[in-house]
Amino acid sequence: MSQNSLFSAADLQKSFYSGTEKIQVLKGLEFSINTGEMMAIVGASGSGKTTLLQILGTLDSPDSGTIMFKDLELTAMSDNELSDFRNKSVGFIFQFHHLLPEFSALENVMMPGLIAGRTRQEMEAPAKELLHQVELGHRTSHRVSQLSGGEQQRTALARALIMKPSLLLADEPTGNLDGRSGSMVFSLIRELCRDLKLATIMVTHNSELAARMDVSRTLQDGVFL
Ligand SMILES: Nc1ncnc2c1ncn2[C@@H]1O[C@H](COP(=O)(O)OP(=O)(O)OP(=O)(O)O)[C@@H](O)[C@H]1O
Ligand SMILES: [Mg+2]
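This structure is a prediction, so every number in the text was calculated from the model and none was measured.

> Please set out the nonpolar core residue by residue, giving values where relevant.
Ranked by internal contacts, the top residues of the largest apolar core, which has 38 residues, are Ile93, Leu131, Val134, Leu157, Leu168 and Ile189. Where this core is concerned, the elements lending two or more residues are strand 3 (38–42), helix 3 (105–115), helix 4 (120–133), helix 5 (149–161), strand 7 (167–171), helix 6 (179–196) and helix 7 (207–211). Looking at this core, the element that brings in the most residues is helix 6, giving six residues. Excluding residues that lie within four positions of it along the chain, leucine 157 makes contacts with Ile93, Val134, Leu168, Leu188, Ile189 and Leu192. In this structure, Leu53, Ile55, Val90 and Leu169 belong to the second largest nonpolar core, which totals 30 residues.

> Can you break down the pattern of salt bridges residue by residue, with the values?
Tallied over the entire structure, the rule returns seven salt bridges. With a closest N to O distance of 3.3 Å, aspartate 60 and lysine 14 form a salt bridge. One end of the pair, aspartate 60, is in the loop between helix 1 (49–56) and strand 4 (64–69); the other, lysine 14, is in strand 1 (residues 7–18), and 46 residues separate them in sequence.

> An account of the sheet that holds strand 6 (residues 90–93) is needed here, citing residue identities and associated values.
Taken together, six strands build an open sheet; the order of strands is 6-7-8-3-9-10 and the sheet is mixed. The open sheet is flanked by strand 6 and strand 10 (223–224), the only strands paired with a single partner. As defined by bridge partners, strand 6 adjoins strand 7 across four bridges and the pair is classed as parallel. Opposite isoleucine 93, over in strand 7, you have alanine 170 as the bridge partner. The strands touched by helix 1 within the sheet are strand 3, strand 7, strand 8 (199–203), strand 9 (215–220) and strand 10, with strand 7 carrying the most contacts at an inclination of about 155°. Lying on the sheet, helix 5 is in contact with strand 6 and strand 7; it crosses strand 6 at an angle near 165°.

> How would you explain the layout of surface pockets if you had to name every residue and give the values?
Of the volumes computed, that of the largest pocket is approximately 410 Å³. Lining the largest pocket we find 16 residues, and of these Asn87, Val90, Phe92, Pro112 and Arg159 sit closest to its centre. Within the residue set of the lining of the largest pocket, elements represented by two or more residues are helix 2 (79–89), strand 6, helix 3 and helix 5. Among the elements that line the lining of the largest pocket, the one with the most residues is helix 3, at four residues. Partitioning the lining of the largest pocket into residue classes produces 10 nonpolar, four polar and two charged. In this structure, the second largest pocket encloses a volume near 170 Å³. Every residue lining the second largest pocket is listed: Pro126, Glu129, Leu130, Gln133, Leu161, Ile162, Lys164, Pro165, Leu196 and Leu198. Considering every element that reaches the lining of the second largest pocket, the biggest residue donor is helix 4, with four residues. Of the residues in the lining of the second largest pocket, the class split is seven nonpolar, one polar and two charged.

> So what about empty space enclosed by the protein? Which residues, and what values?
Scanning the entire structure with this criterion turns up two cavities of 30 Å³ or more. Lining the largest cavity, in full, are Leu53, Gln54, Leu59, Phe92, Ile93, Phe94, Leu169, Ala170 and Asp171. Here the lining of the largest cavity gets three residues from one element, more than from any other, and that element is strand 7. Across the lining of the largest cavity, the residue classes break down as seven nonpolar, one polar and one charged. Estimates place the volume of the second largest cavity at around 30 Å³. Considering each element in turn, the lining of the second largest cavity owes the most residues, three residues, to helix 6. Considered class by class, the residues forming the lining of the second largest cavity number three nonpolar, one polar and four charged.

> So, the site of ligand 1: which residues are in play, and what are the values?
Taken together, the residues surrounding ligand 1 are Phe16, Val25, Ala44, Ser45, Gly46, Ser47, Gly48, Lys49, Thr50, Thr51, Glu172 and His205. Contact distances for ligand 1 include 2.7 Å between an oxygen atom and a side-chain N or O atom of lysine 49. Side-chain polar atom of threonine 51 to an oxygen atom of ligand 1: 2.6 Å apart, as the coordinates give it. Protein burial of ligand 1: of its 640 Å² of free accessible surface, 60% is covered by the chains. Examining the composition of the shell around ligand 1, we find that three residues originate from one element, helix 1, more than from any other. Of the residues assigned to the shell around ligand 1, the class counts are three nonpolar, seven polar and two charged.

The rules we used
Residues numbered from 1 in each chain as written. Chains lettered and ligands numbered in written order. Predicted model: local features only at pLDDT ≥ 70, side-chain atom pairs only at ≥ 80, totals over all residues. Heavy atoms only, no water. Core = buried A, V, L, I, M, F, W, Y, C linked by side-chain atoms within 4.5 Å. Buried < 20%, exposed > 50% of the residue type's maximum accessible area, 1.4 Å probe, protein only. Helix = DSSP H or I, 4+ residues; strand = E, 2+ residues; numbered from the N terminus. Contact = heavy atoms within 4.5 Å. Salt bridge = Lys/Arg side-chain N within 4 Å of Asp/Glu carboxyl O. Pairing = 2+ DSSP bridges. Axes fitted to C-alpha atoms, helices over the stretch in contact; angles between N-to-C directions. 1 Å grid on protein atoms, 1.4 Å probe; cavity = no way out; pocket = protein on both sides within 12 Å on 5 of 7 lines; lining within 4 Å. Points joined across faces, edges and corners; volume = space filled by probe spheres on them. Nonpolar A, V, L, I, M, F, W, Y, C, P; charged D, E, K, R; others polar. Near = heavy atom within 4 Å. Polar contact = N/O pair within 3.5 Å; in protein donor to acceptor, adjacent residues only side chain to side chain. Areas by Shrake-Rupley, 256 points an atom, 1.4 Å probe, with all protein chains shown as cover.

This is the structure in structure tokens:
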């Protein structure tokens, strides 16, 4: 494990049980990523990419192994400490946006701040600024259900960035979009991550997108090749 990396994991193991059958998904996986770096994760369907991302985002826990964020060992933290870590330091984007369809784009982007106890007044200006950055300045009051798929994913990107995370975890964020919208969402993620000096880990099935990131790792047989 690199001493200076922002985020790293060592010897991650994870298995699931399907009835009595044990499925060993991660088998001692390790990696590290630095601030401002963008890493692609590719691999066959069922190879464990989503499982890994959920574990790295502390939404699920590994059977064993260590995950470090700066000098904090996430794998040794309590549930309360982990939810604080997730709220402050991690942004998530998924294949399906998980926005609240009946709320406006602006309300959705402000939501993580409101949940963390900030006021609408505090959140409104930064949320508008982010919507502007994802080229949705003209759509702030649209309900999410009235936005196109690409616009919804750009709203989800703005929401993922509103708490100024250090780490962005993205699970096939362009997987559900056509080539053009997908390319725009990807370019925005790349630009914003560079500008904001985020470490980004993105699962993708698209080898062209993977080639445009700083590093591309293939998950196979429970480890990175
Ligand atoms: N909660 C669970 N219970 C049992 N098995 C699970 C569970 N979650 C995942 N698995 C199994 O773990 C393996 C890895 O699943 P995962 O969703 O991580 O794959 P993936 O690489 O993201 O695939 P895809 O590219 O299709 O999204 C699969 O065999 C899956 O069936
Ligand atoms: Mg998956």
